[in-house]
Structure formats: C-alpha cells, structure tokens
Amino acid sequence: MNKKLIVADQIVCGFAADGSPEIANDAAILVDCGRIVAIGDRNDLSQVNRDVQIVGGHGRVAIPGLINGHHHVGLTPFQLGARDQPLELWFPERLAMRDVDPRLDTLFSAFEMIASGVTTVQHLQSRAPGDSEAVLQRSNAIINAYAEVGMRASYSFALRDQNRMIYDADEVFVAALPQALRAPTAAYLAGFGLPLAEQIAVFHRLQEHWCDNDLIGIQIAPSNLHWLSDYALESAAQMASETGAPLHMHLLETPYQKEYAFRRTGGSALEHVDRFGLVGPQLTIGHGVWMTNEDLSLLAERGACLCHNCSSNLRLKSGVADLNAFIASGVPVALGIDEAGINDDRDMLQEMRLALSLHRAAGHGAPSPSASQILRMATEHGAATTPFAGRIGRLAPGLSADVVLLDWDAVTRPWQDPSMPLVDVLLRRAKTGAVETVIVAGETVYHEGHFPRVDRESVFEDISRALNRPDTEAEASLKRLAKNLIEPVRDFYRDWL
Ligand SMILES: [Zn+2]
C-alpha cells in the first residue's frame, strides 16, 4: 500500500504572499506514492481513507522538511584536526584533516541533519583529489550514502581551475615559500589539478547517472571568483544554459574576497560574474557577506537567490552578513549550515534560532527577522535553490511529501503560554529531541531516534574504528605542512585590508 495519512494538530503548510504562515488545524496530509494528494480536515480524510496507514496523531505539529542550503562534508574539520581560522588561513589549516571513507563521512552528517528535521541537503563537494575516475567514485559514494539513508540531496562537484591556496596563482604561492616547503606544497596542489574540461565531464556523467532518481539532483557549483578564470566562468554559464541546472556559487564571503574582486576586475565580484550571464534565476550566491546594496539590487533584478550561512560566517571570522538587508531586497534567502554549526554539528533547528537571534539589530525601530521569515528561508526559499524547486519546501497537493513531525509536548514541556504564535514557539524552543518523525517522499527515514534504513550505532563504530589509529605517514606530513603554510598564507594578505 502506497497511501498514508500524516495526522497533526497543526500543519504549517507554507507561507502566504505577505509572509504570514499558512496553518491547517486538526488536519491530515493524504500521501500517495510519495506525493501529497490532499490536505484537509483530519476526520474527513480519515473517514474516506479507512485502511490507510496513519502516521503522527494528536500532539503533533507537521512542518515542511527543512532544507540545509549549503553543506560540504560529514565529520567536521574541527573533529578531524583543523582549528577554526579566518577563511583564508583555514585553507592551509584544512590540510591537517584526517581522511575518512566518503560513505561513513556522509552518513555521519546525514544522521545529524535528519535528526534536526532536514530532508534535503545542498551538498557542495569542494575538494576531491585524483583523476576524474577518482572524483566520480567519491561523488557516487557520497550520493549513494544519501540514497542509502533516504535523504534528498542536490549534489555538485565544485568547478575550480586556479588559485588553490591563496588568491593568486599556485606557482606564485609555491615560489614565495621557503625552499623546503616548495616540493611538498606543489605535490599537494597537483593532486587537485583535474583539468576544467574533466570537471565539466564529471558533472555530465553524474547527471546522466542519477537522472532517474527523484531524490537526487545534480547541479553546478562554480566555486568562487578567485578559484575561477574568466574562461571557467564562461564555461559554467554555458553548462547552465545548456542543461538548465541550478548554480550555487560562493561569493564575497570575506573582506579579502571583496578586495580580490576589486584588484582583479576593478569593481564588484557580482558585476564581474554577471558579465558572463551567470546572474539569473538559476544562480544562488552562498554567503555574500560583503555584498553592497547595489549587488543586492542586481541579484533582485536578475531573480537570483542567496544562501545565508550564519554559523560559518562566525566561526571563520568572515563577518556578519546583513540578513535584514538581504530580506528587504526581496531576494529569496536560503539558510545553510556550511561546514558545521556553533555546536560543531548540523542542527538546523539551532541554525534557524541563531539566524533569528543574531540579526536583531540594536534600536527599537531597527529591523530584525521574524520567526516566519527564518522558517521560510529554511523551507520554501531553500527549495528554490535546488533542482527540486517547485516540488518541495511547502506542503500542498502535488508536491512531494517531505514532512517533519514534531512532538509538541516535547517542544513546550512543561508549559508554554498559548498566546505565543506557533511558528515563534517552534523557532525559539524546538530542539532535536522534539523531532519525532522525518518523512522524505512519503517514506519514514527517521522515527523516535532511529533510522530504519541504516544502523547509526554501527556507522559510528566503523568511524571510530577507522580513525582510532595513529596518523599515517601521509597524514602526519600533511599536518606538518598545514602548520608550516599558515604564516606564508597570512603574509600574502598582510597589506590587503
Ligand atoms: Zn561553503
């Protein structure tokens, strides 16, 4: 039987044009073959669907599955030995990270995301060493892990053809290093030197391979202005116009990136990217911390999206994005946890709460985001940045049944004044312990702390076993290299700001 009825005291279906939440009371969602067929009165729908499996019930609140709009890796860099650093210093710092099996790595963060109500992840694969077969193998292992746990995933392998360590050519960086560091650094960088044409071929092969899987989408990730030559920007625009795939591009994450854009183009990074036709409805800008009001107007005019990465901007000292200006511009803004949140995990409920709280600007009349605006970022607007746009992010007939059921007693115990609006209570008080059931395309992928498809404990044991050993010789030498490269990288930017 493919039908089921998801029952709740309240169902937050989405948001009206004025931004107010659309909430159905004492309602149920009729699901057939993974799609929502109807949302209506709980009694009416149960009477005409008597033999249908019931999920949820009294004391539950249903919301659309949350969307982590910007994600990269499983175990966090911090867990794997890389300290938080300002972004530019974090690039060398990350050489210290231990290598983890991609399936175990992906499942680790998928567990965290799902347990906090995330049904869709925007997985941006930043780095994968080796030739195109190695990159494809790693990409498929990651995507397979999402398929294994039942999560919806938009995957991209980042395009990058220059400036792999600093905002200048690899050769310039290597030549400026002390003699002893040159060979190991050049060897490390060469491992990530897959030619652009082959990176593009990886995208096409992944699209072809996964095109029949409704839960997997492949998109384009032009990594960031400094990592891309003008030729690569042109190629990304061509890929987008040929395939219609969405694009997700890091841009203006730090003040150094703003300065880099000025030095390279004489103007704004976004204006430069726009010259190649990249700025349009298919594009999402990740971070955008250092965008000007003119940049925001351009994004709005072109119908592009933004993704706000609140925790990451704090942890990597990138600055505090002006979320209120983002929202006021009318550009749809998604929410992404990026590498990891402030608890070094992927808790989307907490990320929403952080965004809700961090942007409460001083002054009685100063703007601050509402709970509804934040939830809309993590649902409808996040959806708009994925290949699943128009199919997820809201609960409505015809859309996919990606639903989170919260145990409302666990949210409000022992008491919550009922005058507080539902979405405000959800944003302010809901913790992962209140996430009872997570449903992706009609299938339960998480219920009362358990993942029906994968045994979390055995994955944890495998991770622990794989990592609980001394560093390999290769890891130990990369750790030493990481330490030695920090100061040369810092030196490069010394007069930049
Ligand atoms: Zn990122």
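Scroll up to find the structure this text is about.
Report on the accompanying structure.

**Quick notes on the overall build of the chain**
When helices and strands are tallied, the chain shows 19 helices and 17 strands. For the chain, with 497 residues in total, the buried portion stands at 58%. The distance from the centre of the 43 positive side-chain charges to the centre of the 62 negative ones in the chain is 3 Å.

**Examining the coordination of the zinc ion**
Surrounding the zinc ion are the protein donor atoms H70 (NE2), H72 (NE2), H250 (NE2) and D338 (OD), at 2.0 to 2.6 Å. In this structure, the zinc ion is surrounded by four donor atoms whose angles at the metal cover 77 to 177°, and the resulting shape is irregular. Read N to C, the donor residues that coordinate the zinc ion are spaced as H-x1-H-x177-H-x87-D. Placement of the pair is H250 in strand β11 (residues 247-251) and D338 in the loop between β14 (333-335) and α14 (348-358), with a sequence separation of 88 residues. The two residues H250 and D338 agree in class, both being buried.

**With respect to helix α7 (residues 196-210)**
The first and last C-alpha atoms of α7 sit 21 Å apart over 15 residues, in line with the 21 Å expected at 1.5 Å per residue. Those residues of α7 that fall on the buried side of the exposure criterion are L196, Q199, I200, V202, F203, L206 and W210. Projected down its long axis, α7 shows its buried positions confined to an angular sector of 150°, all on one face. Exposed residues on α7 whose side chains face more than 90 degrees from its buried face are A197, E208 and H209.

**Overview of helix α11 (residues 293-302)**
D295, L296, L298 and L299 are the residues of α11 that are buried. Down the axis of α11, the sector holding all buried residues measures 160°, keeping them to one side. Facing away from the buried side of α11 by over 90 degrees, the exposed positions are N293, E294 and E301. Elements that come into contact with the buried residues of α11 comprise α10 (269-274), β12 (283-287), β13 (305-308) and α13 (323-328).

**Thoughts on the packing of aromatic side chains**
In the structure shown here, the tally under the stated rule is 13 aromatic pairs. Measuring from ring centre to ring centre gives 5.3 Å for F91 and W227, while their planes differ by 55°; the resulting arrangement is tilted. Of this pair, F91 sits in helix α2 (residues 87-93) while W227 sits in the loop between β10 (221-222) and α8 (230-243), and the two are 136 residues apart along the sequence. Assigned by exposure class, F91 and W227 land together as buried. For the ring pair Y446 and F451, a centre distance of 4.9 Å and an interplane angle of 55° mean the geometry is tilted. Neither Y446 nor F451 differs from the other in exposure class; each is buried.

**A closer look at unusual backbone geometry**
A cis geometry characterises the amide bond from R413 onward to P414, with omega recorded as 0°. Backbone geometry at C33 places phi at a positive 50°, although glycine is not the residue there. You will see that K317, though not glycine, has its phi angle at about 55°, which is positive. Residue placement: K317 occurs in the loop between α12 (310-315) and α13. Residue K317 is classed as exposed on the basis of its relative accessible area, which comes to 63%.

**Let's talk about the sheet that holds β12**
Strand order across the open sheet formed by four strands is β11-β12-β13-β14, with parallel pairing between neighbours. Each edge of the sheet is formed by a strand with only one pairing partner; in this case those strands are β11 and β14. Across this sheet, the average inter-strand angle for adjacent strands is 30°, counted without regard to direction. Where β11 lies against β12, five bridges are found, and the strand directions are parallel. By the bridge assignment, L247 is partnered in β12 with L283. Packed onto the sheet, helix α15 (residues 371-384) meets β13 and β14 and runs at close to 115° relative to β14.

**Quick look at the environment of N213**
Here N213 lies in the loop between α7 and β9 (216-218). For N213, a relative accessible area of 26% translates into the label partly exposed. Spatially, the C-alpha atom of N213 lies 9.1 Å from that of A147, the residues being 66 residues apart in sequence. Here L215 takes part through its backbone nitrogen, which lies 2.9 Å from a polar atom of the side chain of N213.

**Re the pattern of salt bridges**
Under the counting rule described, the total for this entry stands at 30 salt bridges. The salt bridge partner of R98 is E475, with a shortest N-O separation of 3.3 Å. Of this pair, R98 sits in the loop between α2 and α3 (102-115) while E475 sits in helix α19 (residues 473-492), and the two are 377 residues apart along the sequence. Judged by its relative accessible area of 14%, R98 falls in the buried class. Its relative accessible area of 10% is what places E475 among the buried residues. Taking the shortest distance from any N to any O, the salt bridge between D491 and R494 comes out at 2.5 Å.

Definitions and limits used
Residues numbered from 1 in each chain as written. Predicted model: local features only at pLDDT ≥ 70, side-chain atom pairs only at ≥ 80, totals over all residues. Heavy atoms only, no water. Helix = DSSP H or I, 4+ residues; strand = E, 2+ residues; numbered from the N terminus. Buried < 20%, exposed > 50% of the residue type's maximum accessible area, 1.4 Å probe, protein only. Lys, Arg positive; Asp, Glu negative; His and termini not counted. Charge placed at Lys NZ, Arg CZ, Asp CG, Glu CD. Donors = N, O, S within 2.8 Å, 3.2 Å for Na, K, Ca; no water. Tetrahedral: all angles 85-135°; square planar, octahedral: opposite > 155°, others 65-115°. Expected span 1.5 Å × (residues − 1). Arc of directions from axis to C-beta. Contact = heavy atoms within 4.5 Å. Phe/Tyr/Trp six-rings, centres within 6.5 Å; stacked < 30°, edge-to-face > 60°. Pairing = 2+ DSSP bridges. Axes fitted to C-alpha atoms, helices over the stretch in contact; angles between N-to-C directions. Polar contact = N/O pair within 3.5 Å; in protein donor to acceptor, adjacent residues only side chain to side chain. Salt bridge = Lys/Arg side-chain N within 4 Å of Asp/Glu carboxyl O.

Honestly, it's all geometry; don't read function into it.
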